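Take a look at the letters that make up each chain.
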Amino acid sequence: PDNLHRAGRPLAALFDLGTVYLTYRLTCKLWPPSETGGKRDARVFGLLAATLAGLAILSVQLSHFYTTDPLLTFFVMLVLNLSLDIVRGGGRWSQVALGVAFGLAMATKVSALLLVLVVLAAYGIRCTREIQEEAGYRAQVRTAVRSMVPTLAVAGFVFVVVQPYVLIDWGTFLEHTIRESQIAWGVLDVPYTRQYAGTLPYLYSIWQAAFWGLGLPLGLVAWTGLGIALVRWLRRGHASDALLLIWAGPYLVLT
(Lines give C-alpha, C1' and ligand atoms only; values in the text may rest on other atoms or scores of the structure.)
Protein backbone atom coordinates (compact mmCIF):
# COMPACT_ATOMS: atom_id res chain seq x y z
CA PRO A 1 0.00 0.00 0.00
CA ASP A 2 2.85 2.45 0.68
CA ASN A 3 4.00 2.20 -2.95
CA LEU A 4 0.54 2.15 -4.56
CA HIS A 5 1.09 5.61 -6.03
CA ARG A 6 3.90 4.27 -8.24
CA ALA A 7 1.36 2.29 -10.22
CA GLY A 8 -1.56 4.63 -9.64
CA ARG A 9 -0.02 7.84 -10.95
CA PRO A 10 0.99 6.44 -14.37
CA LEU A 11 -2.46 4.86 -14.64
CA ALA A 12 -4.16 8.18 -13.92
CA ALA A 13 -2.02 9.92 -16.54
CA LEU A 14 -2.71 7.23 -19.16
CA PHE A 15 -6.46 7.29 -18.52
CA ASP A 16 -6.48 11.07 -18.83
CA LEU A 17 -4.69 10.80 -22.18
CA GLY A 18 -7.38 8.32 -23.15
CA THR A 19 -10.02 10.90 -22.25
CA VAL A 20 -8.37 13.40 -24.60
CA TYR A 21 -8.58 10.85 -27.43
CA LEU A 22 -12.20 9.97 -26.62
CA THR A 23 -13.03 13.68 -26.73
CA TYR A 24 -11.63 13.80 -30.26
CA ARG A 25 -13.55 10.66 -31.24
CA LEU A 26 -16.84 11.88 -29.81
CA THR A 27 -16.53 15.28 -31.48
CA CYS A 28 -15.90 13.67 -34.87
CA LYS A 29 -18.93 11.43 -34.42
CA LEU A 30 -21.16 14.32 -33.37
CA TRP A 31 -20.21 16.46 -36.35
CA PRO A 32 -23.17 16.60 -38.76
CA PRO A 33 -22.27 14.69 -41.95
CA SER A 34 -24.29 17.09 -44.08
CA GLU A 35 -22.23 20.11 -43.09
CA THR A 36 -19.90 21.64 -45.67
CA GLY A 37 -16.40 20.26 -45.31
CA GLY A 38 -17.54 16.87 -44.03
CA LYS A 39 -14.87 14.70 -42.46
CA ARG A 40 -12.15 17.35 -42.75
CA ASP A 41 -14.06 19.82 -40.57
CA ALA A 42 -14.96 17.02 -38.17
CA ARG A 43 -11.28 16.22 -37.67
CA VAL A 44 -10.37 19.89 -37.25
CA PHE A 45 -12.99 20.48 -34.58
CA GLY A 46 -12.17 17.11 -33.03
CA LEU A 47 -8.55 18.19 -32.61
CA LEU A 48 -9.69 21.52 -31.20
CA ALA A 49 -11.94 19.82 -28.64
CA ALA A 50 -9.16 17.37 -27.72
CA THR A 51 -6.70 20.25 -27.28
CA LEU A 52 -9.08 22.09 -24.98
CA ALA A 53 -9.67 18.90 -22.97
CA GLY A 54 -5.91 18.45 -22.68
CA LEU A 55 -5.56 21.98 -21.28
CA ALA A 56 -8.29 21.63 -18.65
CA ILE A 57 -6.60 22.69 -15.41
CA LEU A 58 -8.21 20.25 -13.00
CA SER A 59 -7.68 17.30 -15.34
CA VAL A 60 -4.00 18.17 -15.65
CA GLN A 61 -3.66 18.37 -11.89
CA LEU A 62 -5.54 15.17 -11.07
CA SER A 63 -3.72 13.16 -13.74
CA HIS A 64 -0.50 13.75 -11.78
CA PHE A 65 -1.91 11.98 -8.72
CA TYR A 66 -3.54 8.65 -7.99
CA THR A 67 -7.18 9.80 -7.93
CA THR A 68 -10.34 8.16 -9.17
CA ASP A 69 -11.46 11.15 -11.26
CA PRO A 70 -9.30 10.57 -14.37
CA LEU A 71 -10.43 6.94 -14.44
CA LEU A 72 -14.09 7.84 -13.95
CA THR A 73 -13.99 10.58 -16.60
CA PHE A 74 -12.44 8.15 -19.09
CA PHE A 75 -15.17 5.56 -18.55
CA VAL A 76 -17.91 8.21 -18.73
CA MET A 77 -16.55 9.41 -22.08
CA LEU A 78 -16.26 5.80 -23.24
CA VAL A 79 -19.92 5.15 -22.38
CA LEU A 80 -20.95 8.28 -24.28
CA ASN A 81 -18.93 7.20 -27.33
CA LEU A 82 -20.30 3.66 -27.31
CA SER A 83 -23.86 4.87 -26.69
CA LEU A 84 -23.62 6.97 -29.83
CA ASP A 85 -22.40 3.86 -31.66
CA ILE A 86 -25.50 2.02 -30.43
CA VAL A 87 -27.76 4.80 -31.69
CA ARG A 88 -26.14 4.50 -35.11
CA GLY A 89 -26.65 0.76 -35.36
CA GLY A 90 -23.72 -0.74 -33.49
CA GLY A 91 -23.75 -4.54 -33.37
CA ARG A 92 -23.39 -7.10 -30.60
CA TRP A 93 -19.78 -6.25 -29.81
CA SER A 94 -20.69 -2.59 -29.35
CA GLN A 95 -23.46 -3.62 -26.96
CA VAL A 96 -21.08 -5.81 -24.94
CA ALA A 97 -18.42 -3.08 -24.90
CA LEU A 98 -21.00 -0.59 -23.65
CA GLY A 99 -21.90 -2.94 -20.80
CA VAL A 100 -18.24 -3.41 -19.85
CA ALA A 101 -17.61 0.35 -19.89
CA PHE A 102 -20.71 1.05 -17.80
CA GLY A 103 -19.75 -1.62 -15.27
CA LEU A 104 -16.21 -0.28 -14.93
CA ALA A 105 -17.53 3.26 -14.49
CA MET A 106 -19.81 2.18 -11.62
CA ALA A 107 -17.00 0.17 -10.04
CA THR A 108 -14.79 3.25 -10.10
CA LYS A 109 -17.36 5.51 -8.44
CA VAL A 110 -21.00 4.84 -7.61
CA SER A 111 -22.08 8.26 -8.91
CA ALA A 112 -21.63 6.81 -12.41
CA LEU A 113 -24.91 4.95 -11.86
CA LEU A 114 -26.63 7.91 -13.55
CA LEU A 115 -25.06 6.70 -16.80
CA VAL A 116 -27.93 4.22 -16.94
CA LEU A 117 -29.98 7.12 -18.30
CA VAL A 118 -27.58 7.38 -21.24
CA VAL A 119 -27.82 3.65 -21.92
CA LEU A 120 -31.62 3.73 -21.76
CA ALA A 121 -31.75 6.76 -24.04
CA ALA A 122 -29.38 5.20 -26.59
CA TYR A 123 -31.47 2.05 -26.98
CA GLY A 124 -34.69 4.03 -26.93
CA ILE A 125 -33.55 6.33 -29.74
CA ARG A 126 -32.24 3.40 -31.74
CA CYS A 127 -35.47 1.42 -31.49
CA THR A 128 -37.54 4.48 -32.32
CA ARG A 129 -35.57 4.84 -35.54
CA GLU A 130 -35.74 1.19 -36.50
CA ILE A 131 -39.40 0.52 -35.82
CA GLN A 132 -42.04 2.09 -38.00
CA GLU A 133 -44.64 4.27 -36.34
CA GLU A 134 -47.35 1.74 -37.20
CA ALA A 135 -45.74 -0.74 -34.81
CA GLY A 136 -46.88 1.37 -31.89
CA TYR A 137 -45.30 2.76 -28.77
CA ARG A 138 -45.53 -0.49 -26.77
CA ALA A 139 -43.69 -2.42 -29.46
CA GLN A 140 -40.90 0.15 -29.38
CA VAL A 141 -40.61 -0.14 -25.62
CA ARG A 142 -40.51 -3.95 -25.72
CA THR A 143 -37.86 -3.93 -28.42
CA ALA A 144 -35.75 -1.39 -26.54
CA VAL A 145 -35.96 -3.41 -23.32
CA ARG A 146 -35.00 -6.67 -25.04
CA SER A 147 -32.05 -4.95 -26.70
CA MET A 148 -30.65 -3.31 -23.57
CA VAL A 149 -31.03 -6.23 -21.14
CA PRO A 150 -27.79 -7.97 -22.28
CA THR A 151 -25.86 -4.70 -21.96
CA LEU A 152 -27.16 -4.09 -18.43
CA ALA A 153 -26.47 -7.73 -17.50
CA VAL A 154 -22.86 -7.41 -18.66
CA ALA A 155 -22.55 -4.12 -16.73
CA GLY A 156 -23.84 -5.75 -13.54
CA PHE A 157 -21.48 -8.72 -13.91
CA VAL A 158 -18.43 -6.50 -14.51
CA PHE A 159 -19.39 -4.25 -11.60
CA VAL A 160 -19.57 -7.17 -9.14
CA VAL A 161 -16.34 -8.76 -10.41
CA VAL A 162 -14.34 -5.52 -10.23
CA GLN A 163 -16.00 -4.27 -7.01
CA PRO A 164 -16.68 -7.51 -5.10
CA TYR A 165 -17.03 -5.80 -1.72
CA VAL A 166 -20.49 -4.70 -2.84
CA LEU A 167 -21.53 -8.28 -2.03
CA ILE A 168 -18.84 -9.26 0.47
CA ASP A 169 -19.60 -6.33 2.81
CA TRP A 170 -22.84 -4.85 1.54
CA GLY A 171 -23.66 -3.07 4.80
CA THR A 172 -20.41 -1.10 4.91
CA PHE A 173 -20.61 -0.30 1.21
CA LEU A 174 -24.12 1.11 1.58
CA GLU A 175 -23.22 3.02 4.74
CA HIS A 176 -20.19 4.67 3.12
CA THR A 177 -22.11 5.49 -0.05
CA ILE A 178 -24.91 7.17 1.90
CA ARG A 179 -22.40 9.08 4.01
CA GLU A 180 -20.53 10.45 0.98
CA SER A 181 -23.84 11.43 -0.62
CA GLN A 182 -24.89 13.31 2.51
CA ILE A 183 -21.56 15.14 2.56
CA ALA A 184 -21.91 16.11 -1.11
CA TRP A 185 -25.46 17.40 -0.55
CA GLY A 186 -24.51 19.36 2.56
CA VAL A 187 -26.69 17.25 4.87
CA LEU A 188 -23.72 15.98 6.89
CA ASP A 189 -21.34 18.56 8.35
CA VAL A 190 -17.62 17.88 7.94
CA PRO A 191 -14.77 20.40 8.31
CA TYR A 192 -13.58 20.29 4.71
CA THR A 193 -16.96 21.31 3.24
CA ARG A 194 -17.71 24.26 5.53
CA GLN A 195 -16.07 26.61 3.03
CA TYR A 196 -19.10 26.05 0.77
CA ALA A 197 -21.69 27.03 3.38
CA GLY A 198 -23.79 29.98 2.25
CA THR A 199 -22.71 29.83 -1.40
CA LEU A 200 -25.27 30.14 -4.18
CA PRO A 201 -26.52 26.73 -5.36
CA TYR A 202 -25.51 25.85 -8.94
CA LEU A 203 -24.15 29.32 -9.77
CA TYR A 204 -21.21 28.88 -7.39
CA SER A 205 -20.37 25.45 -8.78
CA ILE A 206 -20.74 26.64 -12.38
CA TRP A 207 -18.34 29.53 -11.82
CA GLN A 208 -15.83 27.44 -9.87
CA ALA A 209 -15.81 24.81 -12.61
CA ALA A 210 -15.34 27.47 -15.28
CA PHE A 211 -12.63 29.46 -13.51
CA TRP A 212 -10.66 26.91 -11.47
CA GLY A 213 -11.72 23.56 -12.94
CA LEU A 214 -11.35 24.26 -16.65
CA GLY A 215 -9.77 27.70 -16.69
CA LEU A 216 -10.84 30.71 -18.69
CA PRO A 217 -11.73 30.99 -21.53
CA LEU A 218 -12.28 27.23 -21.77
CA GLY A 219 -14.76 27.31 -18.91
CA LEU A 220 -16.92 29.87 -20.65
CA VAL A 221 -16.73 27.91 -23.90
CA ALA A 222 -17.83 24.72 -22.13
CA TRP A 223 -20.87 26.21 -20.40
CA THR A 224 -21.84 28.16 -23.51
CA GLY A 225 -21.63 24.97 -25.54
CA LEU A 226 -23.85 23.15 -23.05
CA GLY A 227 -26.41 25.94 -23.30
CA ILE A 228 -26.32 25.86 -27.10
CA ALA A 229 -26.79 22.08 -27.07
CA LEU A 230 -29.85 22.48 -24.83
CA VAL A 231 -31.41 25.12 -27.08
CA ARG A 232 -30.67 23.11 -30.21
CA TRP A 233 -32.18 19.97 -28.69
CA LEU A 234 -35.34 21.85 -27.68
CA ARG A 235 -35.69 23.15 -31.23
CA ARG A 236 -34.68 20.11 -33.31
CA GLY A 237 -34.49 17.13 -30.95
CA HIS A 238 -31.14 15.81 -32.21
CA ALA A 239 -30.26 12.41 -30.76
CA SER A 240 -26.62 13.40 -30.24
CA ASP A 241 -27.63 16.39 -28.13
CA ALA A 242 -30.05 14.22 -26.17
CA LEU A 243 -27.30 11.75 -25.18
CA LEU A 244 -25.03 14.52 -23.91
CA LEU A 245 -27.77 16.38 -22.06
CA ILE A 246 -29.28 13.30 -20.43
CA TRP A 247 -25.92 12.75 -18.73
CA ALA A 248 -24.88 16.36 -17.98
CA GLY A 249 -28.34 17.59 -16.95
CA PRO A 250 -29.34 15.14 -14.20
CA TYR A 251 -25.75 14.92 -12.93
CA LEU A 252 -25.58 18.72 -12.58
CA VAL A 253 -28.99 18.91 -10.90
CA LEU A 254 -28.29 16.14 -8.37
CA THR A 255 -24.64 16.76 -7.62
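Because the structure is predicted, anything quoted here is derived from the model rather than measured.

Engineer: Explain the pattern of salt bridges here, please?
Structural biologist: Pairing between side chains of opposite charge can happen when the charged atoms of each approach one another. Taken as a whole, this structure holds seven salt bridges when the rule is applied. As a salt-bridge pair, Asp69 and Lys109 come within 3.9 Å of each other at their nearest N and O atoms. Taken together, the residues span a long stretch of sequence, with Asp69 in helix H4 (residues 68-87) and Lys109 in the loop between helix H5 (92-108) and helix H6 (116-130) at a distance of 40 residues. Put simply, Arg179 and Glu180 hold a salt bridge, and the shortest N to O gap is 4.0 Å. Bridged by salt links that share partners, the residues Arg25, Lys29 and Asp85 form one connected network.

Engineer: Where do I start with the nonpolar core in this structure?
Structural biologist: Note that soluble globular proteins tend to have their nonpolar side chains buried in a common cluster. Val79, Leu80, Leu98, Phe102, Leu115, Val118 and Leu243 are the most contacted members of the largest nonpolar core, which totals 40 residues. Elements supplying a minimum of two residues to this core: helix H1 (4-30), H4, H5, H6, helix H7 (137-162) and helix H12 (239-254). In terms of residues, this core owes the most to one element, H4, which gives twelve residues. Not counting the four nearest positions on each side in its chain, Leu80 is found in contact with Leu26, Val118, Leu243, Leu244 and Trp247.

Engineer: Is there a simple way to think about the environment of Ala153 in this case?
Structural biologist: Relative to the assigned elements, Ala153 resides in helix H7. You can call Ala153 partly exposed: its relative accessible area is 47%. C-alpha of Ala153 to C-alpha of Phe211: the two residues are 58 residues apart in sequence and 40 Å apart in space.

Engineer: Can you walk me through the side chain of Asp16 in this structure?
Structural biologist: As for its position among the elements, Asp16 is in helix H1. Despite its burial, Asp16 remains without a salt bridge, the nearest opposite charge being carried by Lys109 at 14 Å. Beyond its immediate sequence surroundings of up to four residues, Asp16 is in contact with Ser59, Ser63 and Pro70.

Engineer: Just to check I follow, could you spell out the side chain of Asn81 for this structure?
Structural biologist: Structurally, Asn81 can be placed in helix H4. Owing to a relative accessible area of 0%, Asn81 belongs among the buried residues under this scheme. With residues near it in sequence (within four places) discarded, Asn81 still touches Leu22, Arg25, Leu26 and Lys29.

Cut-offs and rules
Residues numbered from 1 in each chain as written. Predicted model: local features only at pLDDT ≥ 70, side-chain atom pairs only at ≥ 80, totals over all residues. Heavy atoms only, no water. Salt bridge = Lys/Arg side-chain N within 4 Å of Asp/Glu carboxyl O. Helix = DSSP H or I, 4+ residues; strand = E, 2+ residues; numbered from the N terminus. Core = buried A, V, L, I, M, F, W, Y, C linked by side-chain atoms within 4.5 Å. Buried < 20%, exposed > 50% of the residue type's maximum accessible area, 1.4 Å probe, protein only. Contact = heavy atoms within 4.5 Å. Lys, Arg positive; Asp, Glu negative; His and termini not counted.

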